[in-house]
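Inside the fold
This is what each chain is made of:
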Amino acid sequence: MSMLVGDVMTVRLFCARPETPVKEVARRLVRNRIGGMPVVDAEGRLLGMISESDIQPLKRGAPGRPVQTAEDLMTRPVVALTEVDTVSEAARVLARHRIKRAPVLREGRVVGIVTKSDLLRPYLRADGEIRLDVEEALLQDGVTEGADVQVSVHEGVVRLEGKV
């Protein structure tokens with residue numbers, strides 16, 4: 001059974017609005033110990049992402065226009081995921097785009113964020129939990145119906161033994 005982004009995403013969100021001053025964005029990033037956040041409109045629709053690297057002192061606004069708000073520095077377009085994307089798919093997307101985090105959307109609205117660290121959670125599951133998931137999946141698929149199959153898990157490695 002594949003784990004989904006919805007199973008591992010962070011739902012406690014810190015977002016900025018386009019008009020949020022850069023100083024306030026920096027304050028939220030530091031205070032909440034996060035590396036980036038979505039920039040959303042009043043309805044929670046994704047407009048962009050802003051991260052620590054976007055706020056670095058060397059960033060400059062357009063000539064004659066100073067950098068003052070999240071909108072001035074946010075990255076767009078944004079690579080986003082959905083709750084039903086698998087953890088494996090999400091890992092490939094983050095790697096392909098060389099990003100550390102991606103917002104998670106439901107019907108165009110931000111409902112979570114997933115980071116590289118979040119994608120490690122499946123590896124932290126207990127062996128017993130993995131065994132139960134494998135047994136359930138085998139039963140649902142009818143693989144073990146009338147068969148003599150034993151499922152064992154040791155340090156995350158699943159072993160199937162028996163006759164089908």
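Since the structure is predicted, the reported quantities are computational estimates derived from the model, not experimental observations.

**Here we look at the sheet that holds strand S4 (residues 101-106)**
Read across the open sheet, the three strands follow the order S3-S4-S5; overall the sheet is mixed. The outermost strands of the open sheet, each flanked by one partner alone, are strand S3 (81-82) and strand S5 (109-115). With two bridges connecting them, S3 and S4 associate as parallel partners. Looking at the pairing, threonine 82 lines up with leucine 105 of S4.

**Some details on unusual backbone geometry**
With an omega of -5°, the peptide bond between arginine 76 and proline 77 qualifies as cis. With respect to the helices, strands and loops of the structure, proline 77 is situated in the loop between helix H3 (70-73) and S3. Despite not being glycine, arginine 33 has its phi angle at roughly 55°, a positive value. By the element assignment, arginine 33 lies in the loop between helix H2 (22-31) and strand S1 (36-40). With a phi close to 55°, glutamate 107 is a non-glycine residue in the positive phi region. Here glutamate 107 lies in the loop between S4 and S5.

**Remarks on the pattern of salt bridges**
For the structure shown, the criterion picks out nine salt bridges. A salt bridge links glutamate 19 to arginine 17, with the shortest nitrogen-to-oxygen separation between them at 3.7 Å. Ionic pairing is found between aspartate 41 and arginine 45, a salt bridge with its closest N-O pair at 3.1 Å.

**What to know about the pairing of strand S6 (residues 148-154)**
By the bridge criterion, seven bridges tie S6 to strand S7 (residues 157-163) in an arrangement that is antiparallel. Within the sheet, the bridge partner assigned to valine 149 lies in S7 and is glycine 162. Linking S6 back to S7 in an antiparallel pair, the connection comprises two residues, with glutamate 155 at a positive phi of about 50°.

What counts, and at which threshold
Residues numbered from 1 in each chain as written. Predicted model: local features only at pLDDT ≥ 70, side-chain atom pairs only at ≥ 80, totals over all residues. Heavy atoms only, no water. Pairing = 2+ DSSP bridges. Helix = DSSP H or I, 4+ residues; strand = E, 2+ residues; numbered from the N terminus. Salt bridge = Lys/Arg side-chain N within 4 Å of Asp/Glu carboxyl O.

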